[in-house]
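Listed below are the residues making up each chain.
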Amino acid sequence: MALALEQVGVAFGGFRALTDVSLSVNAGDVVGLIGPNGAGKTTCINVLTGFQRPSSGRVLLDGRDVSALPAHRLRRAGVARTFQAGRLFGGLDVLDNLACTGVGLGLRRAESERQASDLLGWMGIAPLESRPAAGLPYTDERRVAIARALMGDPAYLLLDEPAAGMSEAEANDLAALIRRIAHDRGIGCLLIEHNVGLVLSVCSDVVVLDGGRVIEHGDRNVILGSRAVREAYLGAHTEAA
Ligand SMILES: Nc1ncnc2c1ncn2[C@@H]1O[C@H](COP(=O)(O)OP(=O)(O)O)[C@@H](O)[C@H]1O
Ligand SMILES: [Mg+2]
C-alpha cells in the first residue's frame, strides 16, 4: 500500500518545475521532502493530490493509476493535505471547519460533527471547538488545518511546511503529533519542512529535491553525509542548512 510519483514531470509553459521525480510513501511511514525554495516540493504535493496534472509520468495510489483524478476525487479516495497557508474557512468556528469538510466527503451531518469532535479531542485541542477560525493564533490554525485534513480517515496525509513560524517547543509538539498520526492511525505521511532537524527526527526516509530533480534519497545518515545536499543548500543560501 503506497502513494507514489513515478517519473513525474511538470512543465509550466517552457519552465520545467519537476523532472523525472519518483518517490513513494508507504502506509504508516513518514517520508520527508526537503530542498531549497523553488525546488518543486509544493508542486509534488499538488500532483499527488490532483491539484496539478503531471505533464509526464504517473501518480499511483495503492497500485492504481490516479494521474487523471481531480482533487476532490483523490480526497475521497483517501489522499488528504494541508496547505502552506492554513486556508481555513474563516467565517466558521473550528468544529464547523471540520464538520463541513466531513459533509463534503459524504458523511451525514451528525456523524461528521461526532468525528470532528473526536478528532479535536484526539489532538488535544478540544477547547478550540467553538472558536472562530478567523481569530486563531497561528500555531492553533495549523493544528486545526491538520485535524481537518484527518476528517474522513484518509490513508495518506501530505503536510506542506506545517512547522513554519513555530517555536522549537511547538515544532517538537508537532513532531510528536506527526509520529502519532503515522503510528497510531497507520497513515502514510509526506512531510515538507524547512526545519531539517525536525524532518530528520521524524522521517525514516527523506527525499531531497533541487531544481525539480531528486538529488538525494535515503535515511538520516545518507542525508547528513550527502555532498549533493550540502551543496544544494549552501548554493541556495537558505536558512534551512
Ligand atoms: N502555477 C505555476 N505556474 C508557473 N510556475 C510555477 C507554478 N507553480 C510553481 N511554479 C514554479 O515552480 C517552481 C517550484 O515551485 P514550488 O513547487 O512551489 O517550490 P517549493 O515548494 O519547493 O518552494 C518555482 O520556480 C515556482 O516559481
Ligand atoms: Mg512550497
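In the annotation of an unreviewed UniProt entry, the protein is listed under the name ABC transporter ATP-binding protein and assigned to Gemmobacter denitrificans.

Most of strand β8 (residues 188-192) is tucked away, with five of its five residues classed as buried. Where burial is concerned, the two faces of β8 agree: the one with G188, L190 and I192 and the one with C189 and L191 are both buried. Pairing between strand β3 (residues 30-34) and β8: four bridges, direction parallel. Looking at β8, one finds that V31 is bridged to L190.

This next bit is on the coordination of the magnesium ion (ligand 2). Surrounding the magnesium ion (ligand 2) are the protein donor atoms T42 (OG1) and Q84 (OE1), which sit 2.1 to 2.6 Å from the metal. Taken together, the residues T42 in helix α1 (residues 41-48) and Q84 in the loop between β6 (79-81) and α3 (94-104) connect sequence positions 42 residues apart.

To continue, consider the sheet that holds strand β9 (residues 205-210). Sheet strands pair by backbone hydrogen bonding; their relative direction is either parallel or antiparallel. Spatially, the six strands line up as an open sheet ordered β6-β7-β8-β3-β9-β10, and their pairing is mixed. Two strands in the sheet have a free side with no partner beyond their single neighbour: β6 and β10 (213-218). Across this sheet, the average inter-strand angle for adjacent strands is 20°, counted without regard to direction. With five bridges joining them, strand β7 (residues 156-160) and β8 adopt parallel strand pairing. Bridge pairing in β8 links Y156 to G188. Contacts from helix α5 (residues 138-149) reach β6 and β7 within the one sheet, and its direction differs from that of β7 by about 155°.

We now examine unusual backbone geometry. Here Q7, not a glycine, exhibits a phi torsion of approximately 45°, which is positive. On the secondary structure map, Q7 appears in strand β1 (residues 2-12). What makes Q7 partly exposed here is its relative accessible area of 49%. Positioned with a positive phi, D62 is a non-glycine residue whose angle comes to about 50°.

A separate point is the site of ligand 1. Around ligand 1 sit F12, F15, A17, P36, N37, G38, A39, G40, K41, T42 and T43, and those are all the residues in its vicinity. Within the contact set of ligand 1, an oxygen atom lies 2.9 Å away from a side-chain nitrogen or oxygen of T42. When isolated, ligand 1 has an accessible area of 560 Å², and the protein chains bury 59% of it. When contributions to the shell around ligand 1 are tallied by element, the ones reaching two or more residues are β2 (15-26) and α1.

Taking strand neighbours across the sheet as the criterion, the four strands line up as β2-β1-β4-β5 in an open arrangement whose pairing is antiparallel. With partners counted over all chains shown, the strands left at the sheet margins are β2 and β5 (64-65), one partner each. Sitting on the sheet, α1 is in contact with β1, β2 and β4 (56-61), with an inclination near 115° to β1.

Moving on: α5. Its 12 residues place the ends of α5 17 Å apart at the C-alpha level, agreeing with the 16 Å of an ideal helix rising 1.5 Å per residue. Counting buried positions along α5 gives 10 out of 12 residues, so the element sits mostly inside the fold. Listed as buried for α5 are T139, D140, R142, R143, V144, A145, I146, A147, R148 and A149. The secondary structure elements touched by the buried residues of α5 are α2 (71-76), β6, α3, α4 (109-122), β7 and α6 (168-185).

The final tally for this structure, using the stated rule, is one aromatic pair. Taking the ring centre of F83 as reference, the NZ or CZ of R87 above it sits at 3.9 Å.

This paragraph deals with the nonpolar core. In terms of nonpolar packing, the biggest core is built from 49 residues, with I146 and L157 touching the most fellow members. Looking at which element gives the most residues to this core, the answer is α6, with seven residues. Those residues within four positions of I146 in sequence are excluded, and the remaining contacts are T82, M123, L157, L159, P162, L174, L177 and I181. Counting 28 residues, the second-largest nonpolar core is a separate cluster that includes L3, C44, L190 and I192.

Reading the values: the criteria
- Residues numbered from 1 in each chain as written.
- Chains lettered and ligands numbered in written order.
- Predicted model: local features only at pLDDT ≥ 70, side-chain atom pairs only at ≥ 80, totals over all residues.
- Heavy atoms only, no water.
- Buried < 20%, exposed > 50% of the residue type's maximum accessible area, 1.4 Å probe, protein only.
- Helix = DSSP H or I, 4+ residues; strand = E, 2+ residues; numbered from the N terminus.
- Pairing = 2+ DSSP bridges.
- Donors = N, O, S within 2.8 Å, 3.2 Å for Na, K, Ca; no water.
- Axes fitted to C-alpha atoms, helices over the stretch in contact; angles between N-to-C directions.
- Contact = heavy atoms within 4.5 Å.
- Near = heavy atom within 4 Å.
- Polar contact = N/O pair within 3.5 Å; in protein donor to acceptor, adjacent residues only side chain to side chain.
- Areas by Shrake-Rupley, 256 points an atom, 1.4 Å probe, with all protein chains shown as cover.
- Expected span 1.5 Å × (residues − 1).
- Phe/Tyr/Trp six-rings, centres within 6.5 Å; stacked < 30°, edge-to-face > 60°.
- Lys NZ or Arg CZ within 6 Å of the ring centre and 35° of its normal.
- Core = buried A, V, L, I, M, F, W, Y, C linked by side-chain atoms within 4.5 Å.

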